[in-house]
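# Structural overview for review
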Amino acid sequence: MEALVSNLALGFSVAATLNNLTFCLIGALLGTLIGVLPGIGPLATVAMLLPITFNLPPDGALIMLAGIYYGAQYGGSTTAVLLNVPGESSSVVTALDGHQMARQGRAGAALAIAAIGSFFAGCAATVGIAVIGPPLASVAQQFGAAEYFSLMLFGLIGAVVLASGSVIKAVSMIVLGLLLGLVGQDVTSGASRFTFGLPELSDGIGFVAVAMGLFGLAEIMTNLERSQNRSEGHETVMPVHSLMPTKADLLTCIAPILRGTAIGSFLGILPGGGSVLASFSAYTLEKKIAKDPSRFGKGAIEGVASPESANNAAAQASFIPLLTLGIPSNPVMALMIGAMTIQGITPGPQVMTKQPALFWGMIASMWLGNLMLVIINLPLVGIWVQLLKVPYRLLFPAIIVFCSIGIYSLNNSPVDVLFTALFGLLGYLFVKLGFEAAPLLLGFILGPMMEENLRRALQISRGNLVTFVERPISLGLLLATVVLLVIVILPSVRRGREEVFQE
Amino acid sequence: MRGPIRLRNPQDLFAGLFLIAVAILAHYLASDLSMGRLVRMGPGYLPTALSWLLGGLGLIVALRGFTIDGPQLASWAWRPLIALSASLIAFALLLERGGLIVAIIVTTLIASLATPRHRPLTTLTLGVALSAMSAALFIGLLGLPLRLWPDLG
């Protein structure tokens, strides 16, 4: 307990410096700004805004990125409520009741309760990280190469099982990602792999180009395609009258917010969990236990409060495996790993012991960032409404231009911009072939780390594969991986899973 | 129930063929690299192993094209696809020689072609506005080492 307090005190001393507060604020604002744009989810937002953080000091960069992430999520809910166009899959649920509330003239109450729920969930999850982090990291510090390999395998498969869509196609995407991750000079032997003789590829494919292409550019392409097929009818942006929820609203929402926070915190830690699953589960639960389930879908405020809390709790909790184990539980965390690597930080349990200021500073900044979102975004909601009225045909060229500059300025390399275009095309091809790009990104980020740990483990064991099942933690993780795969292949579970994702 | 083999899921067939093609390419590219052995893996070990795995997965996905009913191959929206890629390529080619202003205006013009609803004058205004904003923000404020005007020398 004492350690917790002193750790958090250290964190706040880092996060509350003027510089870091500014980075946090800019991150949260920019994240909301881009996240509020219809059709652009947190993943695309983080991918597109990555370059602006790379010239910052490591703690500032990570604080800003975290700010961008929860800002983007908050922006996505705003769009869902006001426009009924969910920016991303975790806001789909928010749109159900949130937009109905907006139609009844209660947009302000919906937005306020979303912000309050998110803030509470963010606080709870932040404390959760601070409590669970150190013990988990000390377990992880005893991990050897074999355990790490098995853990990453578990993480990859877990991410696939909980994701929607075809499992086998998702596994294929992981393998493709692993292969792409191997592009470049092999660290051990110095041999060039898959470089086609291009010197630009010797350090591997830039992960920002991959992420921005697959998620940012491909998303704009599919958005434009959708609006092409849709008739010109402008969606009407719902007006926001009063931001204050009534006392009755607040009282109704206390329990849903608590439940949403609990569900979100739990699911966020799991590989592949993330915010989508959390908000869906929270909504389903509220509907199940409600006295009058028929109110849901017609503007029930619990249907906004609980999923929004779950969503934010999960987003925050997904930092736990990232910061303590160094493995990403969802694609946004994979981007964080990439960003950490560029900053010269090796993600893993050693971050907490070797760079406590960075670790605790980031955690404290999450709390501050959530507070900022409540204080700043509610008054700014008018600006977001105006932004939603800007036609897309003016917005997307601007996004393209800023993305191009961002990509170029990473390494002052025009080739990176070309690669972004290439991965944009690839991302569009994936959409058309029914592939999800998120597992590819996880494989791409984890590929080099997995290879390194695999090699090291086998070197230590003199080429004996038994090492992976001899060591109890590694064995346990591998067994868990097998169980996950078996479960998802069983027909009965498969049907249930499809139902969940259909809703 | 046995019937003649027929294509039931074109999307998966093509998805599988795509994976197989990538696997063959990867296998070919990795064939020059030394494999090594388990105890000391060479640079080619994992690429080769993964290419086999990808090929196998691709085969299963392709076969599903004949066993499980699934969606047709979706039509492609060539317009945004070509316009957006071309706009990025133009940016990459123009930035260092043409400078930021020219690159942004051209990029905006090409990107706008992605939608049939673009209006030339609005787009040009947008391009000019974006380049002025970017010049102020990226060169003025952030001090990025970017050329502003074309290199005429």
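Residues numbered from 1 in each chain as written. Chains lettered and ligands numbered in written order. Predicted model: local features only at pLDDT ≥ 70, side-chain atom pairs only at ≥ 80, totals over all residues.

### Some details on the overall build of chain B
The number of helices and strands found in chain B is 4 helices and 2 strands. Scaling as 2.2 N^0.38, a compact globule of 153 residues should have a C-alpha radius of gyration of about 15 Å, whereas chain B reaches 24 Å, well beyond that. With the principal axes as the frame, chain B shows a C-alpha extent of 65 × 50 × 25 Å. Taken over 153 residues, chain B has a buried fraction of 34%. In chain B, of all internal contacts separated by at least 6 residues, the share reaching a separation of at least 24 is 65%. (Helix = DSSP H or I, 4+ residues; strand = E, 2+ residues; numbered from the N terminus. Rg over C-alpha atoms; globule rule 2.2 N^0.38 Å. Buried ≥ 20, exposed ≤ 12 C-beta atoms within 10 Å, placed from the backbone. Contact = placed C-beta atoms within 7 Å.)

### A closer look at unusual backbone geometry
All names here are of chain A. Positive phi outside glycine occurs at Phe194, with the angle close to 50°. Phi at Asn412 takes a positive value of approximately 45°, unusual for a residue other than glycine. Given 12 C-beta atoms within a 10 Å radius, Asn412 is considered exposed.

### Considerations on the interface of chain B and chain A
Counting residues at the interface gives 55 residues for chain B, matched by 50 residues for chain A. Those elements that place two or more of their residues in the side of chain B that touches chain A are helix H1 (10-30), strand S2 (40-41), helix H2 (45-67), helix H3 (78-112) and helix H4 (120-141) of chain B. With 16 residues, H3(B) is the single largest residue contributor to the side of chain B that touches chain A. By residue class, the composition of the side of chain B that touches chain A is 40 nonpolar, 11 polar and 4 charged. (Nonpolar A, V, L, I, M, F, W, Y, C, P; charged D, E, K, R; others polar.)

### Overview of the domain arrangement of chain B
Taken domain by domain, chain B comprises domain 1 (10-67) and domain 2 (78-141). Look at where the C-alpha atoms of domain 1 of chain B and domain 2 of chain B centre, and you get two points 39 Å apart. (Domains from an automatic or database assignment.)

### Some thoughts on the environment of Ala313(A)
Among the structural elements, Ala313(A) can be located in helix H12 (residues 302-317). The exposure class assigned to Ala313(A) is buried, which follows from the 34 C-beta atoms found within 10 Å.

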